[in-house]
Amino acid sequence: MSASETARTVIGIIGNVISFALFASPSPTFWRIWKKKSVEEFKPDPYIATVMNCMFWIFYGIPVVHPDSTLVVTINGIGLAVELIYLAIYFAFAPNKGRLKVIGWLCVECAFIAVIAVVTLMLFHSHASRSNFVGIFCVIFGVLMYASPLTIMRKVIKTKSVEYMPFYLSLTNFLNGLIWLTYALIKFDLFITISNGLGAVSGAIQLLLYAYYYRSTPKNKETEKGMPSEVEMGNGKPQQLPVSAEAAAVSGMAA
């Protein structure tokens, strides 16, 4: 194994650890659902989207599509399992409408990825052509995942408060994008570079916004802790915070 391959492997392992931390970041939300036996105001949408993103990166990283991408497959495989656990907890305590939404979208996603897999394997016969075809979808869905961080950043600018953008998650987002970008550049991979380049830029912007608006943020216990997973609103019901960390984790992370 050459020095560059060794470095790429080590960086990929570090990336797996950081990405796993991002996947685990919503766990307080689901622990609350489990304890309350109710989904309250929480929405499954970010986790459904993450499932699709993970499935695409797993397919991208398998040997028949893009060889030498084991670490891409491992973290997205773990991420997929984690997201399905989250959705299972949501499903267990959701009303019928919420359950139908989860089942419906998961069926649509599985059908879509199956169609893409068949087209990829039947119509494209080289690793390069298969990687290009699947990689385009990975980037598209990865970019769409950044709608969540953009929502948070707009909220920070509008309210001049970083209360809903935890510093440690923003920092981890940045490090996650940076480490996977480095991984992609050692053995150049255009699609991983694009996804994680966007992730690093998104994380950097969040950190800059945090530094700029930190002093104007009302100080309270949740803000001081730095990593709130939910917040009590005026009606006394906990509201789900935008899942920026997860969005970044999935799109860049894995690959």
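This is a predicted model, so every value here is computed, not measured. (Residues numbered from 1 in each chain as written. Predicted model: local features only at pLDDT ≥ 70, side-chain atom pairs only at ≥ 80, totals over all residues. Heavy atoms only, no water.)

A. Layout of the overall build of the protein chain. On a plain count of helices and strands, the protein chain comes out with 11 helices and two strands. Buried positions account for 49% of the 255 residues belonging to the protein chain. Contacts in the protein chain between residues at least 24 apart in sequence constitute 81% of all its contacts with a sequence separation of at least 6. Just so you have it, the protein chain exposes about 12400 Å², and 71% of that area is on carbon and sulfur atoms. (Helix = DSSP H or I, 4+ residues; strand = E, 2+ residues; numbered from the N terminus. Buried < 20%, exposed > 50% of the residue type's maximum accessible area, 1.4 Å probe, protein only. Contact = heavy atoms within 4.5 Å. Areas by Shrake-Rupley, 256 points an atom, 1.4 Å probe, with all protein chains shown as cover.)

B. Main features of the packing of aromatic side chains. Evaluated as defined, the whole model comprises 18 aromatic pairs. One Lys or Arg, R8, reaches over the ring of Y183 and ends 4.2 Å from the middle of that ring. Just above the ring of F91 sits the side chain of R99; from NZ or CZ to the centre is 5.2 Å. (Phe/Tyr/Trp six-rings, centres within 6.5 Å; stacked < 30°, edge-to-face > 60°. Lys NZ or Arg CZ within 6 Å of the ring centre and 35° of its normal.)

C. The arrangement of the confidence of the model for the protein chain in detail. Confidence in the prediction for the protein chain averages 84 pLDDT; 84% of positions are at 70 or higher. A low-confidence stretch, residues 221–252 stays under pLDDT 50, and its non-local contacts, those more than four residues away or across chains, total 95 contacts. (pLDDT = per-residue confidence, 0-100.)

D. Representation of the pattern of salt bridges within the structure. Throughout the structure, instances matching the rule amount to three salt bridges. Of the charged contacts in the structure, one is a salt bridge between E40 and R32, with a shortest N-O distance of 3.5 Å. (Salt bridge = Lys/Arg side-chain N within 4 Å of Asp/Glu carboxyl O.)

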